[in-house]
Amino acid sequence: MRSVILCQLRRLAVPNWQLLTLVPFVILNPYSEDKLNQAKQSTGLFVVKIGGSTYGNHDTTLEDLVTLQQRGQHPVVVHGGGNAISEWLERLSVPVRFVRGLRVTDAGTLQVVVGVLAGMVNKELVAGIEVLGGMAVGLSGVDGGLLQAEVKEPSLGYVGEVVQVDTGIIHTLVEARCIPVIAPLGLHKSKKKGENGYLLNLNADTVAGDIAAAIRAEKLIFLTDVAGIRSNIGEVIKRLSREEAKGLLTSGVASGGMIPKVEAALRALATVPVTRIIDGRVQHALLREMEGAGVGTTIGDR
Ligand SMILES: Nc1ncnc2c1ncn2[C@@H]1O[C@H](COP(=O)(O)OP(=O)(O)OP(=O)(O)O)[C@@H](O)[C@H]1O
Ligand SMILES: [Mg+2]
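Residues numbered from 1 in each chain as written. Chains lettered and ligands numbered in written order. Predicted model: local features only at pLDDT ≥ 70, side-chain atom pairs only at ≥ 80, totals over all residues.

*Asks:* Where do I start with the overall build of the chain in this structure?
*Replies:* What the chain contains, in helices and strands, is 11 helices and 14 strands. Put simply, the chain has 302 residues, and 39% of those count as buried. (Helix = DSSP H or I, 4+ residues; strand = E, 2+ residues; numbered from the N terminus. Buried ≥ 20, exposed ≤ 12 C-beta atoms within 10 Å, placed from the backbone.)

*Asks:* What should I look at first to understand the environment of L89 in this one?
*Replies:* Take L89: it is sitting in helix α5 (residues 82–91). Here L89 falls in the partly exposed class, since 18 other C-beta atoms lie within 10 Å of it. With 20 residues separating them in the primary sequence, L89 and T109 have C-alpha atoms 7.2 Å apart. Beyond its immediate stretch of four places on either side in the chain, L89 contacts V94, V96, T109 and V112. (Contact = placed C-beta atoms within 7 Å.)

*Asks:* What am I meant to see in the nonpolar core here?
*Replies:* The nonpolar side chains of a soluble globular protein tend to be buried, and buried together. Residues V47 and I211 are the most contacted members of the largest nonpolar core, which totals 72 residues. When residues in this core are grouped by element, the largest group, 11 residues, is from helix α6 (residues 107–131). Apart from residues lying up to four places away in sequence, V47 is in contact with V76, V78, A208, I211, A212, A217, L220 and I221. (Core = buried A, V, L, I, M, F, W, Y, C linked by C-beta atoms within 7 Å.)

*Asks:* Looking at this structure, how should I read α6?
*Replies:* Three- or four-residue spacings in an α-helix give side chains the same orientation, since the helix completes a turn every 3.6 residues. With 25 residues, α6 extends 35 Å between its outermost C-alpha atoms, agreeing within 8% with the 36 Å of an ideal straight helix rising 1.5 Å per residue. Maximum bend of α6: about 30°, positioned at N122. Two residues or fewer past α6, G133 is found with a positive phi of approximately 95°. (Expected span 1.5 Å × (residues − 1). Bend = angle between axes of the 7 residues up to and from the residue.)

*Asks:* How should the sheet that holds strand β13 (residues 274–279) be read in this particular structure?
*Replies:* Strand pairing within a sheet occurs via backbone hydrogen bonds; the two strands may be parallel or antiparallel. What the eight strands build is an open sheet, ordered β5-β8-β2-β1-β11-β13-β14-β12; its pairing is mixed. Sheet topology places β5 (136–140) and β12 (239–240) at the edges, where each strand pairs with a single neighbour. Bridge count for strand β2 (residues 74–79) against strand β8 (residues 179–183) is two bridges, and the pairing is parallel. Among the inter-strand pairings, V77 is bridged to a residue of β8, identified as V181. Helix α4 (residues 61–70) contacts β1 (45–50), β2, β8 and β11 (219–224) of the sheet and is inclined by roughly 155° relative to β2. (Pairing = 2+ DSSP bridges. Axes fitted to C-alpha atoms, helices over the stretch in contact; angles between N-to-C directions.)

*Asks:* Looking at this structure, how should I read the site of ligand 1?
*Replies:* G51, G52, G80, T224 and G257 are the nearest of the 19 residues found near ligand 1. Within the residue set of the shell around ligand 1, elements represented by two or more residues are α5 and α8 (204–214). When the residues that make up the shell around ligand 1 are grouped by side-chain class, the tally is six nonpolar, 10 polar and three charged. (Near = placed C-beta within 6 Å. Nonpolar A, V, L, I, M, F, W, Y, C, P; charged D, E, K, R; others polar.)

*Asks:* Looking at this model, I keep getting lost on the pairing of β5. Mind explaining?
*Replies:* Regular strands place side chains that alternate from one sheet face to the opposite one. By the alternation rule, side chains of β5 split into A136, G138 and S140, which are all buried, and V137 and L139, of which none is buried. Alignment of β5 against β8, held across five bridges, turns out to be parallel. From the neighbouring strand, L139 faces β8, where its bridge partner is I182.

*Asks:* Mind showing me how you'd approach the pairing of strand β14 (residues 296–300) here?
*Replies:* The buried fraction of β14 amounts to five of the five residues, a majority that puts the element mostly inside the structure. Pairing of β12 with β14, which is carried by two bridges, proceeds in the parallel orientation. Across the sheet, residue R239 finds its bridge partner in β14, namely T298. The sheet contact formed by β13 and β14 spans five bridges and is antiparallel. From the neighbouring strand, R276 faces β14, where its bridge partner is T298.

*Asks:* Please explain the environment of T298 as it appears in this structure.
*Replies:* Mapping T298 onto the fold places it in strand β14. Put simply, T298 and I221 are 77 residues apart on the chain and 9.4 Å apart in space, counted from C-alpha to C-alpha.

*Asks:* Is there a simple way to explain unusual backbone geometry in this structure?
*Replies:* A negative phi angle characterises most non-glycine residues, just as the trans form characterises most peptide bonds. Positive phi values are uncommon outside glycine, yet R216 reaches one of about 55°. With respect to the helices and strands, the residue R216 is situated in the loop between α8 and β11. Taking the C-beta count within 10 Å as the criterion, R216 has 16 such neighbours and is therefore assigned partly exposed. The phi dihedral of H284 is positive, around 55°, even though this residue is not glycine. Of note, H284 is situated in the loop between β13 and α11 (285–290). Of the residues examined, H284 has 15 C-beta atoms within 10 Å and is grouped as partly exposed.

Okay, here's the thing in structure tokens:
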């Protein structure tokens, strides 16, 4: 491998004396071989979860996705849609019920969830990318059998948890140079007798983590409406180890919408080396992040 590097440098017409200065680096640097091996295995894939707060009028995330795609990078997008769903449930006068703070998804609610998530929100995002000159295909976890799910807890109704990810459709779209834009719905393939329907409502953060792990993404990025994870004294934490992240969950410092993000990061850690939680309200937050200049919280070892 080292000789190959030196040959490549020679082909670039690097003068011999400069080559000689590089020899000790290539021979002695203990990381060079590791880094080269890593680069060989790199998938170039990264998962971006777009939160409800980040697809407002002034958002630059879609522009950033197009720029990154044009630079040859491979984003995979998962989106939520909590606010739009609540708005439409109210407009359509669908009764809302909560169990221990969690929204119960009955059959009527599920129809609205599917229509708003996989329809309106998904298509708006895809249209936004296409209009900016990018290439995107919208789908849900049901399409291509991407996300197989089971009922999480019967009292919550049609709320599922992912039991299997079939990554085939994502790879097909990425190879076709399209950005997959994924709505968090699951396919309830093994539904039992007496259960209705084949669709389940999934948590978008959890789905982003499950997909990132399954495709061995290099990075999982949550774009949200805060500057990062705040400590018990309200300061944004720069970096969290696995144990520290678990501690924030048990102490309750990470609560509400932050819980599924931290849990997703922890579950993904086996194959995804780093998760970032960044402020999607900041102009070009995603681009800065991918250029190494992002601000926010890192969960992981890198
Ligand atoms: N320790 C913490 N640090 C920062 N934010 C926290 C913390 N604990 C709880 N939160 C809450 O988590 C919220 C982010 O999650 P939220 O579910 O509201 O947004 P999202 O997931 O980005 O969007 P959507 O749910 O619409 O997809 C923050 O606005 C904040 O209120
Ligand atoms: Mg949320």
